[in-house]
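Fold and contact review
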Amino acid sequence: GEGIKASKKGSSMNRQKRVLAIHDISCIGKCSLTVAIPIISAAELECAVIPTAVLSTHTGEFTGYTFRDLTDDIEPICKHWRSFGIGFDAIYTGYLGSAKQISLVRSIIDTFGGEGKTVFVDPVMADAGRLYANFDMAFVSEMRSLCAEADVITPNLTEAAFLLGGEYRESGYGEEYIKETLGALCELGPKAAMLSGVSYEDGKIGAAYLERGGDYGYFADERIPGFYHGTGDVFASALVAAYVRGMSMSDAAAAAVRFTTKSIRLTAAAGSAPRFGVRFEEALCDFMRDIGVFVESRNG
Ligand code: PXL
């Protein structure tokens, strides 16, 4: 007869999805891995990591920070992983410390990416019209080639201008300009482009996206005055979390915009210094509800 079948539990049934996040660890400042891990975990996804560097703080509005480059650890980490076989449902890259790291990330995408896996590239390198410390045009051009291998890229307006070799426009543009920019970003090779920091009217700001040959969408929420550090990472991490959990690009974008705005609003209300990052922790509960996680204790 059939006998007793082994339980499927723990194999394919209700398998937990696993995201590989490749960013630096900035020990203080709430950006990169210190926001990616909690936000992706809040969506009940596993967040595996490759830390690209360890810094005492991020590089914006701090001086004298330490920077330990972990480039030489990346290949041994991947080699070990290949020895026992591990797969990812999505790969999400952010702050990369050097052009060399970009080429290592490309081979990680070749090894661990592929059919049914979503590759998100956040081309972290600039904001407010300027490149961050330690980056140059050679890095920009490597980043452009990494974008070609992504399914979804998530630049802000400054990063888009660097990727496209165009001029950065802080304001005074309309929907036509954003649609053209999104179209040009898709021409770089990704299946979709999501632009953050887009504003068509006073007092509102959000994100616009275009899927290659497909849907365009725009979501805005309240603009809170000031420049808050790490909000690009909060936004991209929330987008990855919501999308990999199973939402459409459009619903994931809307949830990520709401979550980022709420995090900034809480920070502004508390009067915390913007360089220490936003109080996203206090917005996580609403975000979880927004993306359909039941925030209740579970039996088990
Ligand atoms: O938030 C982006 C970011 C990530 N990591 C490091 C940074 C920055 C922005 O300045 O310096 C180290």
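Residues numbered from 1 in each chain as written. Predicted model: local features only at pLDDT ≥ 70, side-chain atom pairs only at ≥ 80, totals over all residues. Heavy atoms only, no water.

1. As for the site of the ligand
In the vicinity of the ligand, the residues found are Asp24, Ser26, Cys31, Ser32, Leu55, His58, Thr59, Tyr95, Val124, Tyr132, His229 and Asp233. Between the ligand and Thr59, the relevant distance is 2.8 Å, taken from an oxygen atom to a side-chain nitrogen or oxygen of the residue. The protein chains hide 98% of the 320 Å² of surface that the ligand would expose on its own. Classifying every residue of the shell around the ligand gives five nonpolar, five polar and two charged. (Near = heavy atom within 4 Å. Polar contact = N/O pair within 3.5 Å; in protein donor to acceptor, adjacent residues only side chain to side chain. Areas by Shrake-Rupley, 256 points an atom, 1.4 Å probe, with all protein chains shown as cover. Nonpolar A, V, L, I, M, F, W, Y, C, P; charged D, E, K, R; others polar.)

2. Regarding the confidence of the model for the protein chain
A residue-level look at the protein chain finds 94% of positions with pLDDT of 70 or above and a mean pLDDT of 94. With pLDDT under 50 throughout, residues 6-11 is counted as low confidence; its partners more than four residues away or in other chains account for one contact. (pLDDT = per-residue confidence, 0-100. Contact = heavy atoms within 4.5 Å.)

3. Quick look at the packing of aromatic side chains
Counted by the stated rule, this structure contains 10 aromatic pairs. Aromatic pair Trp81 and Phe88: ring centres 5.5 Å apart, planes at 55 degrees, arrangement tilted. Judged by relative accessible area, which is 4%, Phe88 ranks as buried. Plain terms: the ring middles of Tyr200 and Tyr218 are 4.4 Å apart, the flat faces sit at 45 degrees to each other, and that makes the pair tilted. Here Tyr200, found in the loop between strand S9 (192-198) and strand S10 (204-211), pairs with Tyr218, found in strand S11 (residues 216-222); they are 18 residues apart in sequence, far enough to count as distant. Following the ring pairs from residue to residue traces out a cluster consisting of Trp81, Phe88 and Phe112. Directly above the ring of Tyr177 sits Arg169, whose terminal nitrogen or CZ lies 4.5 Å from the centroid. Between the NZ or CZ atom of Lys179 and the centre of the ring of Tyr216, over which it lies, the distance is 4.6 Å. (Phe/Tyr/Trp six-rings, centres within 6.5 Å; stacked < 30°, edge-to-face > 60°. Buried < 20%, exposed > 50% of the residue type's maximum accessible area, 1.4 Å probe, protein only. Helix = DSSP H or I, 4+ residues; strand = E, 2+ residues; numbered from the N terminus. Lys NZ or Arg CZ within 6 Å of the ring centre and 35° of its normal.)

4. Some thoughts on the nonpolar core
If you look at the biggest cluster of nonpolar residues, it comprises 46 residues, and the most contacted ones within it are Ile39, Ile40, Tyr92, Phe259 and Phe287. Sorting elements by how many residues they give to this core places helix H7 (residues 231-245) first, with nine residues. Counting residues in hydrophobic clusters, the runner-up holds 44 residues, among them Ile22, Cys78, Val119 and Ala208. (Core = buried A, V, L, I, M, F, W, Y, C linked by side-chain atoms within 4.5 Å.)

5. Observations concerning unusual backbone geometry
Located in the positive-phi region is Ser32, a residue other than glycine, with phi close to 45 degrees. Along the polypeptide, Ser32 turns up in the loop between strand S1 (18-28) and helix H1 (33-42). The residue Glu61 is not glycine, and still its phi comes out positive at about 60 degrees. Relative to the helices and strands, Glu61 resides in the loop between strand S2 (46-57) and strand S3 (67-69).

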